[in-house]
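Observations on chain architecture
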Amino acid sequence: MSGKPTRPSGFVASVNCAIEGILWATKTQPHMLFHLVAAVLVLVGALVLRLSLNEFALLALAITLVLFAELVNTAIEVVVDLVSPDFHPLAQRAKDVAAGAVLLASVGATILGYLAVSRFLFSDSVDVGTDFMRRTGNLAIISVVVVVLLIIMAKARLGRGTPLHGGMPSGHAGVAFSIATSVAFSEAGLLVILLAWLLAALVAQSRVLLGVHSFAEILAGSMLGVLTTLAIQLVFR
């Protein structure tokens, strides 16, 4: 009798294989177990908050998105290890891209989660209808996301530095000045606005003092953060 594995035949056998894959990933991948625990906590929280059908659907989509990305990432890593047991730059790239998919899914899930519970973060007088995303706080989040995407494209194009260390333009400066610009549009008061700008300047200065960025990279990141956020706040507010 041969020990060679056979392909699953029939729907039940295929489902069983899928379940076995999820169980194996949960058993061997700490991140998968973490995502499942987080999913349980989120679902219990949804029941406690008595979310509506639409809000619960957003959370369900967020959970599914992250778990799907983690399973695909695990599958890619297994295949890469199989075909390339020794280190190879392309094998590492495949793993990095797969991990990037999980990171992107996690960011998207965070945004969906925020939208699902947004009505609990504001007073009852706030309209969560068509103008909800035009609020200063939401525009600030969108601005930061847009700035980060622009920085990623710039660094990929220029090919300098690493995602979190060096390169043109400075991501830390871009995000810091984007947040400071959004604070200027809020009702926080002059003192808080000045403190936000001071904090952004300190972030930029620290990157120069640590030798991570040049002054030109800091200036480019700062201008990108300010101008992008200024345009979004002025046009869509």
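The following refers to the structure shown. (Residues numbered from 1 in each chain as written. Predicted model: local features only at pLDDT ≥ 70, side-chain atom pairs only at ≥ 80, totals over all residues. Heavy atoms only, no water.)

1. Comments concerning the overall build of the chain
Put simply, the test is: Per the convention used, a helix needs a DSSP run of H or I reaching at least four residues, while a strand needs a run of E reaching at least two, with both numbered from the N terminus. Note on contacts: a residue pair is in contact if any heavy atoms of the two residues lie within 4.5 Å. Every accessible area reported is derived by Shrake-Rupley at a probe size of 1.4 Å, with residue values counting cover from the shown protein chains alone.
Within the chain, the secondary structure is distributed over eight helices and zero strands. Pairs at least 24 apart in sequence give 65% of the contacts found in the chain among residues at least 6 apart. Surface summary for the chain: the accessible area is close to 15400 Å², and the carbon and sulfur share equals 73%.

2. Some points on the side chain of Thr229
For Thr229, the location among the structural elements is in helix 8 (residues 215-236). The residues touching Thr229, leaving out its near neighbours within four places in the chain, are Ser143, Val147, Ser178, Thr181 and Ser182.

3. A short note on the packing of aromatic side chains
What counts, and what does not: We call Phe, Tyr and Trp rings a pair once their centres come within 6.5 Å, taking the six-membered ring for Trp, and we label the pair stacked below 30 degrees between planes, edge-to-face above 60, and tilted otherwise. Burial classes: relative accessible area under 20% of the type maximum marks a residue as buried, over 50% as exposed, and values in between as partly exposed (1.4 Å probe, protein chains only).
With the rule as written, the count across this model stands at one aromatic pair. Seen from their ring centres, Phe177 and Trp197 are 5.6 Å apart, and the 65° between their planes marks the pair as edge-to-face. In this pair, Phe177 is assigned in helix 6 (residues 171-184) and Trp197 in helix 7 (residues 190-209), connecting sequence segments 20 residues apart. Residue classification places Phe177 among the buried residues on the basis of a relative accessible area of 11%.

4. A word on helix 8
Put simply, the rule is: In this analysis, the expected span of each helix is defined as 1.5 Å times one less than the number of residues it contains.
Compared with the 32 Å implied by 1.5 Å per residue over 22 residues, the 31 Å span of helix 8 between its first and last C-alpha is a close match. All of the buried residues in helix 8 are Glu217, Ile218, Gly221, Ser222, Gly225, Val226, Thr228, Thr229, Ile232 and Gln233.

5. Points about the packing of helix 1 (residues 11-28) against helix 2 (residues 30-49)
Threshold: Lines fitted to C-alpha atoms define the axes, with helix axes restricted to the stretch in contact, and inter-axis angles between N-to-C directions lie between 0 and 180 degrees. Should an angle fall under 35 degrees it is taken as roughly parallel, and over 145 as roughly antiparallel, whereas 65 to 115 is taken as roughly perpendicular and any remaining angle as oblique. The nonpolar class holds Ala, Val, Leu, Ile, Met, Phe, Trp, Tyr, Cys and Pro. Asp, Glu, Lys and Arg form the charged class, and all remaining residues, Gly among them, are polar.
Their axes nearest at 5 Å, the elements helix 1 and helix 2 cross at an angle of 105°. Taken together, the axis directions place helix 1 and helix 2 in an arrangement best described as roughly perpendicular. Each of Ala25, Thr26 and Thr28 in helix 1 lies in contact with helix 2, whose residues at this interface are Pro30, Met32, Leu33 and Leu36. Taken together, the residues of the contact of helix 1 with helix 2 sort by class into five nonpolar, two polar and no charged.

6. Focus on the pattern of salt bridges
Our working definition: In the sections that follow, a salt bridge refers to a side-chain nitrogen of Lys or Arg positioned within 4 Å of a carboxyl oxygen of Asp or Glu.
All told, the structure shown has one salt bridge when counted by the stated rule. Ionic pairing is found between Asp81 and Lys95, a salt bridge with its closest N-O pair at 2.7 Å. Residue Asp81 is located in helix 3 (residues 53-83), and its partner Lys95 is located in helix 4 (residues 89-116); the two are separated by 14 residues in the primary sequence.

7. Re the environment of Leu33
By the secondary structure assignment, Leu33 is in helix 2. A sequence separation of 34 residues divides Leu33 from Leu67, and the C-alpha atoms of the two residues are 9.9 Å apart.

8. Focus on a nonpolar patch on the surface
Note the threshold: By definition, no residue in a patch forms a salt bridge, and every one has over 30% relative accessible area; like charges are joined within 9 Å, nonpolar side chains (Val, Leu, Ile, Met, Phe, Trp, Tyr) within 5 Å.
Judged by side-chain polarity, Leu103, Val107, Ile111, Leu115, Ile141, Val145, Val148, Leu149, Ile152 and Met153 come together as a nonpolar surface patch covering roughly 810 Å² of accessible area. Going through the elements one at a time, helix 4 and helix 5 (136-158) are the ones with two or more residues in the nonpolar patch. Per element, the largest residue contribution to the nonpolar patch is six residues, and it comes from helix 5. Along the chain, Met153 turns up in helix 5.

9. Structural notes on unusual backbone geometry
The phi dihedral of Arg50 falls on the positive side, at around 55°, and the residue is not glycine. Note that Arg50 resides in the loop between helix 2 and helix 3. The class of Arg50 is exposed, set by a relative accessible area of 71%.

10. Here's the deal with the nonpolar core
To be explicit about the condition: To define a nonpolar core, start from buried Ala, Val, Leu, Ile, Met, Phe, Trp, Tyr and Cys residues and group those joined through side-chain atoms within 4.5 Å.
Formed by Ala173, Ala176, Phe177, Ala180, Val183, Ile193, Ala196, Ala200, Ala204, Ile218 and Val226, the largest nonpolar core amounts to eleven residues. If you list the elements that add at least two residues to this core, you get helix 6, helix 7 and helix 8. For this core, the element with the most residues is helix 6, which contributes five residues. Once residues within four sequence positions are removed from consideration, Ala204 is found in contact with Ala173, Phe177 and Ile218. Residues Ala25, Ala39, Ile63 and Leu67 belong to the second largest nonpolar core, which totals five residues.

11. As for the packing of helix 2 against helix 3
Close contact between helix 2 and helix 3 brings their axes to 10 Å; oriented N to C, the two are set at 175°. As summarised for this structure, helix 2 and helix 3 are arranged roughly antiparallel, according to the angle between their axes. Along its contact with helix 2, which presents His31, Met32, His35, Leu36, Ala39, Val42, Leu43 and Ala46, the element helix 3 presents Phe56, Leu59, Ile63, Val66, Leu67, Glu70 and Leu71. Of the residues contributing to the contact of helix 2 with helix 3, the split by class is twelve nonpolar, two polar and one charged.

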